[in-house]
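Report on the structure
Now for the letters of each chain:
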Amino acid sequence: MFHAPVTVNGRPQVTGPHRVGVVPAVAHCRQERPADHALDAAVAGGGGVVVCQVAAGLGGVGKTQLAAALADRLWEAGGLDLLVWVSATSRSGVVTAFAQAAADVTGVEDPDAEQAAARFLAWLAGTPRRWLIVLDDLNDPNDLHRLWPPATRVGRTVVTTRSTDSALTAGRQVITVGVFTAKESLEYLTAKLAGVPGRLDEAAELAEDLGHLPLALAQAAAYILDRASMTCASYRRRFADRRRHLADLAPRVLPDDYPYPVAVTWSLSIDRADSFPHPVSPGQCSNSPPYSTPTASPPKCSPPPRSRPT
């Protein structure tokens, strides 16, 4: 349902279905998981206040995809009047997003971002419009001090995070997002790779090697698809070789709690990307190899010949 815009202080006030922020695209062949049903169950009864939901788990298990799929379902079904997607890695990011949303829905430009964010929270508490706020990848619960969206009958808040701090989870519905089951892993690889005969040889074993981690499986599937003769079996051999090579160079767990298999699959993916032709960038010789490390110096090129005056 759309309405004509209302102008406040010279700025049009949004009164119809509206989105703030960019919702990540739902991954190709994404697997529906129990956590999807847990999110949906919060409003299945209808009529009650929805408690804030916190999707928690290690990096790479698909928390952002879970929230993006929910946002897409609700938006496509016409179940939202306002959808706000926030990258919640810092307090300033949350404040900026809320200030933008406040300007859109109230028509008031506030020079003080914190005050604008407070105005937006007050609007959420009183509006009859249906809203969803997604706070994606929250690192520190303290960043949301006085920024938590209100609990209402028409709105809901979903947080994705690696944190299980009690300051974040207390009084909220926690949905633990883990790795794929063996069945989910095989279904995912089958959906991604089944178009080419033989690609799925040792697929179950590959999933086990990767710890059934969704991000690692996605990276492996992309790598396999990118090479005509690659199969799960041959990828396993490359993975084992690279894992041994990285064992003395990388920690067992990456920063931000990404499990070790991601380091290996990512390393293979980077090598594959580096094998593609590189476009010539400004200041780079067309016959010089690209430089990709911060410590490398750019190749020295001879200056182009000067044109003769006519």
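Below is a summary of the structure that appears in this document. (Residues numbered from 1 in each chain as written. Predicted model: local features only at pLDDT ≥ 70, side-chain atom pairs only at ≥ 80, totals over all residues. Heavy atoms only, no water.)

Overview of unusual backbone geometry
Excluding glycine, residues mostly have negative phi values, and the peptide bonds linking residues are mostly trans. What counts, and what does not: Secondary structure elements are taken from DSSP: a helix is a run of H or I of four residues or more, a strand is a run of E of two residues or more, and numbering for both begins at the N terminus. We call a residue buried when its accessible area falls under 20% of the maximum for its residue type, exposed when it is over 50%, and partly exposed in between, using a 1.4 Å probe and counting protein chains only.
The backbone of Arg146 shows a phi angle near 65°, a positive value even though the residue is not glycine. Assignment of secondary structure puts Arg146 in the loop between β6 (131–138) and β7 (155–161). Judged by its relative accessible area of 72%, Arg146 is exposed. Not every positive phi belongs to a glycine, and His212 is a case in point at roughly 60°. Along the chain, His212 turns up in the loop between α7 (203–209) and α8 (214–225). The class for His212 is buried, based on a relative accessible area of 11%.

Looking at helix α6 (residues 182–193)
Filter applied, for reference: Each helix should span, by expectation, one fewer than its residue count multiplied by 1.5 Å. Throughout, the arc means that of the directions going from the helix axis to the C-beta atoms.
With twelve residues, α6 ought to run about 16 Å at 1.5 Å a step, and its terminal C-alpha atoms sit 16 Å apart, in line with that. Looking only at α6, the buried set comprises Glu184, Ser185, Tyr188, Leu189, Lys192 and Leu193. For α6, the angular spread of the buried residues around the axis is 140°, confining them to a single face.

Some thoughts on the side chain of Asp110
Counted only if it meets this: Polar contact is the term for a pair of N or O atoms within 3.5 Å; when the atoms are in protein, one must be able to donate a hydrogen and the other to accept it, and sequence-neighboring residues count only if both atoms are side-chain atoms. Should any heavy atoms of two residues lie within 4.5 Å, those residues are counted as being in contact.
Within the fold, Asp110 resides in the loop between α3 (91–106) and α4 (113–126). Classification of Asp110 as buried rests on a relative accessible area of 17%. At a separation of 3.0 Å, a polar atom in the side chain of Asp110 contacts the main-chain amide nitrogen of Asp112. A polar atom in the side chain of Asp110 sits 2.9 Å from the side chain of Arg119. Excluding anything up to four places from it in sequence, Asp110 contacts Gln115, Ala116 and Arg119.

Points about α8
In a regular helix each residue adds 1.5 Å, so twelve residues correspond to 16 Å; α8 covers 16 Å between its end C-alpha atoms and thus fits that length. Inspection of α8 places Pro214, Ala216, Leu217, Gln219, Ala220, Ala221, Tyr223 and Ile224 among the buried residues, and these make up the whole buried set.

Here's the deal with the environment of Gly79
By the element assignment, Gly79 lies in the loop between α2 (63–76) and β5 (82–87). You can call Gly79 partly exposed: its relative accessible area is 28%. In this structure, the C-alpha to C-alpha distance between Gly79 and Leu132, residues 53 residues apart in sequence, is 9.6 Å. Ignoring any residue separated from it by four or fewer positions in sequence, one finds Gly79 in contact with Leu74 and Arg130.

Here we look at the sheet that holds β7
Let me state the cut-off plainly: Strands pair, by our definition, only if DSSP identifies at least two bridges between them. Axes, fitted as lines to C-alpha atoms, cover a helix only where it is in contact. Angles between the N-to-C directions of the axes lie from 0 to 180 degrees.
The sheet built from six strands is open, its strands ordered β3-β5-β6-β7-β4-β8 with parallel pairing. Every other strand in the sheet has two partners, leaving β3 (18–20) and β8 (173–176) as the edge strands with one partner each. Averaged over all neighbouring strand pairs, the angle between strand axes comes to 15°, with direction disregarded. Pairing analysis gives six bridges linking β6 to β7, with the strands arranged parallel. If you follow Leu138 over to β7, its bridge partner there is Thr161. Contacts from α2 reach β3, β4 (53–56), β5, β6 and β7 within the one sheet, and its direction differs from that of β7 by about 160°. Lying on the sheet, α4 is in contact with β5 and β6; it crosses β5 at an angle near 140°.

Digging into the packing of aromatic side chains
Spelled out, the test is: Here the aromatic set is Phe, Tyr and Trp, taking the six-membered ring for Trp, and pairing holds for ring centres within 6.5 Å; pairs whose planes are under 30 degrees apart are stacked, those over 60 apart are edge-to-face, and all others are tilted. The rule for a charge over a ring is simple: NZ of Lys or CZ of Arg within 6 Å of the ring centre, and within 35 degrees of the ring normal.
Counting across every chain of the model gives four aromatic pairs. Taking 5.4 Å as the distance between ring centres and 55° as the angle between the ring planes, the aromatic pair formed by Phe98 and Phe120 counts as tilted. Pair noted here: Phe98 is in helix α3 and Phe120 is in helix α4, with a separation of 22 residues, a long-range link. Each of the two residues, Phe98 as well as Phe120, counts as buried. Among the aromatic side chains, those forming a connected cluster through ring pairs are Phe98, Phe120 and Trp123. Here the guanidinium or amino end of Arg19 rests over the ring plane of Trp75, the centre of that ring lying 5.0 Å away.

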